[in-house]
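Fold and contact review
As a plain string of letters, each chain reads:
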Amino acid sequence: MTTTRTSPPPLDHDVVVVGSGAAGLATAVTAAHHGLRVAVLERADVCGGATAWSGGWMWAPGNPLARADGVREETDEFRTYLRNALGEDYEPTRVDAFLAAAPGMVRFFHERTALTFAPGAKICDIYGELPGAGTGHRSVAPAPTDLRGLGGDVARLLRPQLYETSFLGMGIMAGPDLAGFLAASRGDVRGLLHAARRVTRHLVDLATKRRGMQLVNGTALVARLLRSALDLGVEIRVSTEVTELTTENGRVTGVLASTSDGPVRFSASRGVVLAAGGFPQDEHRRRALFPRGERHWSLAPATADGSGITLGESAGGRLRTDLASPAAWCPVSLVPYRNGRTGVFPHIMDRAKPGSIGVLRTGRRFVNEANGYHDYVSAMIAATPEDEPVQSWQIADSRFVRRYPLGMAKPRPVPLFPYLRSGYLQRGRTIEELARKCGIDPAGLAATVAEFNTAARRGEDPAFGRGSTPFNRYGGDQAVTPNPSLAPLEKGPFYAVRVVPGSFGTFAGLATDERARVLDAQDDPVPGLHAVGCDQASVLGGHYPAGGINIGPAMTFGWITGRELAGADTRIGRTA
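Quantities reported herein were computed from a predicted structural model and do not represent experimental measurements. (Residues numbered from 1 in each chain as written. Predicted model: local features only at pLDDT ≥ 70, side-chain atom pairs only at ≥ 80, totals over all residues. Heavy atoms only, no water.)

Thoughts on the packing of helix 4 (residues 92-112) against helix 17 (residues 551-566)
So the rule is basically this: Lines fitted to the C-alpha atoms define the axes, with helices restricted to the stretch that makes contact. Angles between their N-to-C directions range from 0 to 180 degrees. A run of DSSP states H or I qualifies as a helix once it reaches four residues; a run of E qualifies as a strand once it reaches two. Both are numbered from the N-terminal end. The labels follow the angle: roughly parallel below 35 degrees, roughly antiparallel above 145, roughly perpendicular from 65 to 115, and oblique for the rest. Note on contacts: a residue pair is in contact if any heavy atoms of the two residues lie within 4.5 Å. Under the convention adopted here, Pro, Cys and the residues Ala, Val, Leu, Ile, Met, Phe, Trp and Tyr are nonpolar, Asp, Glu, Lys and Arg are charged, and Gly plus all remaining residues are polar.
Following both chains from N to C, one finds helix 4 and helix 17 inclined at 85°, their axes separated by 8 Å at the closest point. The angle between the axes of helix 4 and helix 17 places the two elements in the roughly perpendicular class. On the side of helix 4, the interface is formed by Arg94, Ala97, Phe98, Ala101, Ala102, Gly104, Met105, Phe108 and Phe109, while helix 17 contributes Gly552, Pro553, Met555, Thr556, Phe557, Trp559 and Ile560. Considering only residue class, the contact of helix 4 with helix 17 consists of 12 nonpolar, three polar and one charged.

What follows is the structure, given as structure tokens:
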């Protein structure tokens, strides 16, 4: 809608970005690098959105770090995998745009900004049985960094690490860092030294700086993007809620925002970019679009409530819901704290470790636990009767809980009693006793465990094929044979944690073209309006074929959009 003559005078910019997660900051950094005047407007009082609470990994096949390691895959291999994984939801034009741009995106940020990457040399695609599936080098993650070196301005803007995915607020990165901590739980000397060094440094930081300074995962990604944006002169405003898009002759020309100083207009001569995080916290849209939408716990911040989608619709954009799934599911458990707060813990890595299974109320398994987190929740929803709450239990024996995390509960030497005292963990001397405490059918669980144990000792899972793909085996424990993903549950006492449906963010979003321009009901671009990240409908059609398929496209289409708005050369390989 068009603002009235009484609106305050605008602050002039070329580009206004609504939201400060990976997609929004990638857009801002790219546009500013090409000389545009950019403002990033963030509704929360810190920056980073759901990205700051994520693992920070991004799927970017064909990236230059892979090539530097001697891995040269052809784009047709990626297309083959996606065609098989996405089926009828494969969109050639947008997928081709993503695959063509992802290597250039990684090269640009790695070489031209404060953001540097670490390669995912061993991170496998989820569906290893499909043609074209990769066994590594298709993902990258932000390199760890120290907040001291990024400046106080970044520290003031940065959303802290999510407590539930940290150890006392200290993030742990997948790969050698996590392996060191798990080795410490087994008494390995090098692992103990690694853990002691990291934890000691973190405790010193808490005492002297009142926050963790060792940044990994999503916090490292956001912090490095913030440093890059600030160095390029991007204006970043927090506690600034965009309430309205301004238009002129059918073109989006800026926004009206609510600030502590009152309403402020921001003009955007090149365009407005919506990157507000989708709608995982919008209860109304969840009820309409999510299966069992009234029972859902998201890992996104409260501000990811669909405000960007609403802004896009107000200018004529349309919400796409014709996807395989409306959201990127993740199994979560609810952590009760003594102050009355309930935390949400994502079960990402523990499900694949040997010596644990997932079961329903009947005591029966329902999924290959070592497959992707999205598949776990999809299977849990499908297997639960309509008149029952969607929930499962992760069951483990005593060897498991002392060697690996079981949800929020940490392995040796961290004690288990706080989690038992709060009721987060249940414990039973026998499988049947544990089942009764959880409300699981005791006979059903006992039969399941006996059946599972017999096959697991042989390194097999006839029921679901767990441990049969590179993705499964990489997520297990390489010290366990004959299958790193499988071990019997046989040493009591036994433990359980209740698991419920959650999500990282939404797949349903505004319809866009291969240039991230928002499309109207006739599939025509809305002039001056782009959408990236979770405000954009998933380029992979609501599927989750690999880890990092949220942030990878978010960063890539942010890069595409920044260059589009700047009129830059978008040929493959051009990063200037």
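What to know about the sheet that holds strand 5 (residues 139-142)
The condition that has to hold: Whether two strands pair comes down to DSSP finding at least two bridges between them.
Reading across the sheet, the three strands line up as 3-5-4 and stay open at both edges, with antiparallel pairing between neighbours. The two strands at the open ends of the sheet, each matched to only one other strand, are strand 3 (58-59) and strand 4 (117-119). Relative to strand 5, strand 3 is paired through two bridges, and the arrangement is antiparallel. Note on strand 5: the bridge partner recorded for Trp59 is Ser139.

Quick notes on the confidence of the model for the chain
Filter applied, for reference: Confidence scores per residue from the predictor, reported as pLDDT, run from 0 to 100.
A residue-level look at the chain finds 97% of positions with pLDDT of 70 or above and a mean pLDDT of 93. Across residues 1-5, where pLDDT falls below 50, the model places nine contacts with residues more than four positions away in sequence or in other chains. pLDDT under 50 marks residues 570-574. Its contacts with residues more than four places away, or in other chains, come to six contacts.

Some remarks on the nonpolar core
Under the convention used in this document: For our purposes a nonpolar core is just a set of buried Ala, Val, Leu, Ile, Met, Phe, Trp, Tyr and Cys residues, chained together by side-chain atoms within 4.5 Å. Each residue is placed in one exposure class: buried if its accessible area under a 1.4 Å probe, protein chains only, is under 20% of its type's maximum, exposed if it is over 50%, and partly exposed if it falls in between.
With 82 residues, the main nonpolar core has Val38, Leu82, Phe109, Leu226 and Met555 as its most contacted residues. Of the residues forming this core, the biggest block, nine residues, is contributed by helix 4. Val18, Leu311, Val367 and Met380 belong to the second-largest nonpolar core, a separate cluster that totals 37 residues.

Side note on the packing of helix 1 (residues 22-33) against helix 8 (residues 217-231)
Operational definition: Whether a crossing is left-handed or right-handed is set by the direction in which the near helix is turned from the far one by less than a right angle, anticlockwise for left-handed and clockwise for right-handed.
Helix 8 packs onto helix 1 with a crossing angle of 25° between their chain directions and a minimal axis gap of 9 Å. By the angle between their directions, the pair helix 1 and helix 8 is classed as roughly parallel. Relative to helix 8, helix 1 is oriented so that their crossing is left-handed. Contact with helix 1, carried on its side by Ala22, Leu25 and Val29, involves Leu221, Val222, Leu225, Leu226, Ser228 and Ala229 of helix 8 and no other residues of that element. Counted by class, the contact of helix 1 with helix 8 contains eight nonpolar, one polar and no charged residues.

Comments concerning the pairing of strand 24 (residues 525-531)
Most of strand 24 is tucked away: five of the seven residues are buried. In this structure, strand 13 (residues 262-274) lies alongside strand 24, joined through three bridges in parallel fashion. Following the sheet pairing, Val272 is matched in strand 24 by Leu529. Bridge analysis of strand 23 (residues 517-519) against strand 24 gives two bridges, and the strand direction is antiparallel.

Some thoughts on the packing of aromatic side chains
Applicable threshold: In this analysis, rings of Phe, Tyr and Trp, with Trp reduced to its six-membered ring, are considered paired at centre separations within 6.5 Å, and the interplanar angle assigns stacked below 30 degrees, edge-to-face beyond 60, and tilted for intermediate values.
Per the counting criterion, the structure on display carries 11 aromatic pairs. Residues Tyr163 and Tyr337 carry aromatic rings whose centres are separated by 6.2 Å and whose planes lie at 70° to one another, so their mutual orientation is edge-to-face. A residue pair is termed long-range when its members are at least 10 positions apart, and Tyr163 in the loop between helix 5 (152-157) and strand 7 (166-167) and Tyr337 in the loop between strand 16 (327-336) and strand 17 (342-346) qualify at 174 residues. A relative accessible area of 37% places Tyr163 in the partly exposed class. Relative to Trp329, the ring of Phe290 lies with its centre 5.2 Å away and its plane at 90°, an arrangement referred to as edge-to-face. Residue Phe290 is located in the loop between helix 9 (283-289) and strand 14 (297-298), and its partner Trp329 is located in strand 16; the two are separated by 39 residues in the primary sequence. The pair Phe290 / Trp329 is uniform in exposure class, with both members buried.

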